[in-house]
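The lines below spell out each chain.
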Amino acid sequence: MTAAPTRTGGFTTLGALSQHAVTTLDANWEHDHTVPSRTLYPHQWSWDSAFIAIGLAHVRPERAWRELASLFRAQWADGRVPHIVFNPALRVGAYFPGPELWRSTDAQGAPAGHTSGLVQPPVHALAALLAYRRAPEPVGLTALHQLYPALVAQQRYLADRRDVAGDGLVCIVHPWESGLDNSPAWDDPMAAVPAEAAVMRAYRRHDTAHADAAHRPTDLDYARYLAIVAAYREHGYDDRDLADNQPFLVECPLFNAAYGAAEHALAEIAALIGADPGPHRARATQITEALVRRLYDPATGTFQPRDVRAGRLLGARTVLGLTPLILPDLPTRQADALVVEARSARFGVAARMDRPLPSHDRTAADFEPLRYWRGPSWLNIGWLVRRGLLAHGHPDLAEGLRQSMIGLVAGAGCHEYFHPDTGAGLGSAAFSWTAALVLDLLADEE
């Protein structure tokens, strides 16, 4: 196994850590949005911008609203919010796969600028609400008024176009839509996607030029990713007949938990701006009920993705299964079971944590501590799980997780992700959502 990188950083005061996070965000600011990373990810990413706005609200509130507004300017006519908005000022080849592969401007209803055709977990309504709470100023209330119709359209797109099974949940059509690109959760449905690793000889991967290839998805993974994109693109990113045209169709616990949490957040936003919160509350209840009915596995006491094509739950025990805790109306039985899962040897959440929260069951045979979403620890997922623990009455566990996450950044800096045993920094060394979310975590010290 490749040796873990040496830990760097070593911030000795919370003030120094906070300043480092602000400096990271400032360095990654790009005129109206924040890039996740100047090296690995030089464009705008959808759920990155949501998490970034939460942190910016503490230190640069005007930028928080510009962050969200810039993303939603790229919203498609059908309501989808693309997972990448490409910066036209960057050269061709600055990122792979770039706009030349997506060809979004050929699709009906796409914006004039180049984007991807995929989406990511809809955490944006929650981000907007939290940004307002962090900086409850008149400009924030005005921003909520302006964003509300776009946030509603985003939810409507998912409800109308992505409920493939007609069961109240939405499908993702690509692992990239989950945010957890190469999670072991996707191994079985990905294995059914016909592709050959040799396809990648025709391309130059951007990610492996900036990070160790042993830490990234494999060439076979990427060949399958491109095959799924091609299938979607060749049908004009049209969501009609997905069951006939898309090789990957999965109901993801995280994506659907975010979908439900968005309705809860929209209910609060509606009340703030004088709209009717009732329909949002009703939809939130329906989504939670569908999530429990479709994705909860009582045999394992956790939530698991459902492969819609195969008609079965996918058995990998990943951190995806813990994320429905963010739903405030998750029934007590399921919430209690998830706390047991979180505290197990698989994930190790405790009031005093010895190791970071991993992205995959650390007792599993296919646990990989260095490879992207197959083991490493990520701040955005820990942040979501902590929020869920607080919502369901476990402040001691939430505090243990908070201290663990702050310790990761204090020890290694604002890395993209972290070794789940040693805490060493992995991926980009100056990653924006890590900086933003550690600012949010540090704000609870005050």
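Position numbers for residues count from 1 along each chain, tracking the sequence in the order it is written. For a predicted model such as this one, the threshold for reporting local features is a pLDDT of at least 70, and the threshold for listing and counting side-chain atom pairs is 80 or more; totals across whole chains, interfaces and linings nevertheless cover every residue. Where side-chain values are given, they derive from all heavy atoms of the structure, hydrogens and water being excluded.

A.B. asks: Help me understand the overall build of the chain in this model?
C.D. replies: Scanning the chain from terminus to terminus reveals 17 helices and 11 strands. Only C-alpha atoms enter the radius of gyration, while the globule expectation follows 2.2 Å times N to the 0.38, with N the number of residues. Computed over the C-alpha atoms, the radius of gyration of the chain is 20 Å, within 12% of the 22 Å expected from 2.2 N^0.38 for a compact globule of 446 residues. Across its three principal directions, the C-alpha atoms of the chain cover 55 × 55 × 50 Å. Contacts between residues were defined by any pair of non-hydrogen atoms, one from each residue, lying within 4.5 Å. Taking all contacts inside the chain whose residues are at least 6 apart in sequence as the whole, residues at least 24 apart take part in 71%. For every accessible area listed, the method is Shrake-Rupley and the probe measures 1.4 Å; residues are considered covered only by the protein chains on display. Of the roughly 16,100 Å² that the chain leaves accessible, carbon and sulfur atoms contribute 50%. When charges are counted, Lys and Arg are positive and Asp and Glu negative, with His and the chain ends excluded. Just so you know, the charge point we use is NZ for Lys, CZ for Arg, CG for Asp and CD for Glu. Each charge class in the chain can be summarised by its mean position, and for the 40 positive and 49 negative side chains these summaries are 1 Å apart. A run of DSSP states H or I qualifies as a helix once it reaches four residues; a run of E qualifies as a strand once it reaches two. Both are numbered from the N-terminal end.

A.B. asks: Teacher, can you tell me more about empty space enclosed by the protein here?
C.D. replies: To locate leftover empty space, one rolls a probe as large as a water molecule over the atoms. Cavity and pocket criteria rest on a 1 Å grid covering protein atoms alone: a 1.4 Å probe that fits but cannot get out defines a cavity, protein on both sides within 12 Å along at least 5 of 7 lines defines an open pocket, and an atom within 4 Å of a point defines a lining residue. Grid points are joined across faces, edges and corners, and a volume is the space filled by probe spheres set on the points. Inspection of the entire model under this criterion finds 3 cavities of 30 Å³ or more. Put simply, the largest cavity is a space of about 310 Å³. What lines the largest cavity is a set of 27 residues, and nearest its centre among them are Y41, W45, Y95, D181 and Y372. Taken together, the elements giving at least two residues each to the lining of the largest cavity come down to α2 (46–59) and α10 (219–234). As a working rule, the residues Ala, Val, Leu, Ile, Met, Phe, Trp, Tyr, Cys and Pro are called nonpolar, Asp, Glu, Lys and Arg charged, and the rest polar, with Gly in that last group. In terms of residue class, the lining of the largest cavity is made up of 18 nonpolar, 4 polar and 5 charged. In terms of lining residues, the second largest cavity is bounded by G79, R80, V81, V119, Q120, P122, Q154, Y157 and L158. Across the lining of the second largest cavity, the residue classes break down as 5 nonpolar, 3 polar and 1 charged.

A.B. asks: I would appreciate a short explanation of the sheet that holds strand β9 (residues 312–313) in the present structure.
C.D. replies: Two strands in a sheet stick together by hydrogen bonds in their backbones, pointing the same way (parallel) or opposite ways (antiparallel). Note: two strands are recorded as paired if DSSP finds a minimum of 2 bridges between them. Within the open sheet, the 3 strands sit side by side as β5-β8-β9. Their pairing is antiparallel. Looking along the sheet, the strands with just one partner apiece sit at the ends: β5 (250–251) and β9.

A.B. asks: Help me out: how do you make sense of the state of the cysteines in this one?
C.D. replies: Covalent bonding between the sulfur atoms of two cysteines is what defines a disulfide. The definition used for a disulfide is geometric: two cysteine sulfur atoms within 2.5 Å. Taken as a whole and judged by the stated rule, the model has 0 disulfides. Free cysteine C171: the closest other cysteine sulfur is in C252, separated by 10 Å.

A.B. asks: When you look at the confidence of the model for the chain in this model, what are you seeing that I'm missing?
C.D. replies: Note that predicted coordinates carrying low pLDDT should not be read in detail. Here pLDDT means the predictor's own confidence in every residue, given as a number from 0 to 100. Looking at the chain as a whole, the pLDDT averages 93, with 94% of positions reaching at least 70. Overall, residues 1–8 carries pLDDT values under 50, and its contacts beyond four positions in sequence, including any with other chains, amount to 23 contacts.

A.B. asks: Can you walk me through the packing of aromatic side chains in this structure?
C.D. replies: Given two aromatic rings, one states the distance between the centres and the angle between the planes to describe the pair. Pairing of aromatic rings covers Phe, Tyr and Trp, the last counted by its six-membered ring, and requires centre-to-centre distances within 6.5 Å; plane angles under 30 degrees mean stacked, over 60 mean edge-to-face, and any other angle means tilted. One pass over the full model with this rule turns up 23 aromatic pairs. The structure contains a cluster of three or more aromatic residues connected by ring pairs, namely Y41, W45, W47, F51, Y95, Y372, W373, W378, W383, Y417, F431 and W433. In this arrangement the basic side chain of R80 is found over the ring face of W76, its NZ or CZ atom lying 4.5 Å from the centre. A positively charged side chain is recorded as over a ring if its NZ (Lys) or CZ (Arg) lies within 6 Å of the ring centre. The angle to the ring normal must also be within 35 degrees.

A.B. asks: Explain helix α14 (residues 332–343) here, please?
C.D. replies: Since there are 3.6 residues in each turn of an α-helix, residues three or four apart along the chain are aligned in direction. An expected span of 1.5 Å times one less than the residue number is assigned to each helix. The end-to-end C-alpha distance of α14, which contains 12 residues, comes to 16 Å, matching closely the 16 Å that a straight helix rising 1.5 Å per residue would cover. Exposure categories follow from relative accessible area, calculated using a 1.4 Å probe and restricted to protein chains: below 20% of the type maximum is buried, above 50% is exposed, and the middle band is partly exposed. Taken together, the buried positions of α14 are occupied by Q334, A335, A337, L338, V339, E341 and A342. Residues of α14 that are buried sit in contact with α13 (278–295), β6 (296–297), β7 (302–303), α15 (379–391) and α16 (395–412).

A.B. asks: Just checking my understanding: could you explain the environment of L147 for this structure?
C.D. replies: Here L147 is to be found in helix α6 (residues 138–161). We classify L147 as buried; its relative accessible area is 8%. The sequence separation of L147 and A125 amounts to 22 residues, and the corresponding C-alpha distance is 8.7 Å. With sequence-adjacent residues up to four places away left out, L147 is seen in contact with W65, L68, F72 and A128.

A.B. asks: Would you explain the side chain of S359 in this entry?
C.D. replies: Within the secondary structure layout, S359 lies in the loop between α14 and α15. Among the polar contacts made by the side chain of S359, one reaches the main-chain amide nitrogen of G375 at a distance of 3.1 Å. Setting aside chain neighbours within four positions, we find S359 in contact with T318, V319, Y372, W373, R374, G375, P376 and W378. Whenever two N or O atoms come within 3.5 Å, that pair is a polar contact, provided that in protein one can donate a hydrogen and the other can accept it, and provided that, for residues adjacent in sequence, both atoms are side-chain atoms.

A.B. asks: I would appreciate a short explanation of helix α12 (residues 253–273) in the present structure.
C.D. replies: A rise of 1.5 Å per residue sets the reference length of α12, with its 21 residues, at 30 Å; its end C-alpha atoms lie 30 Å apart and thus fit the reference within 8%. Across the 21 residues that make up α12, a large majority, 17, are buried. Count one or two residues on from α12 and you reach G274, which has phi positive near 90°.

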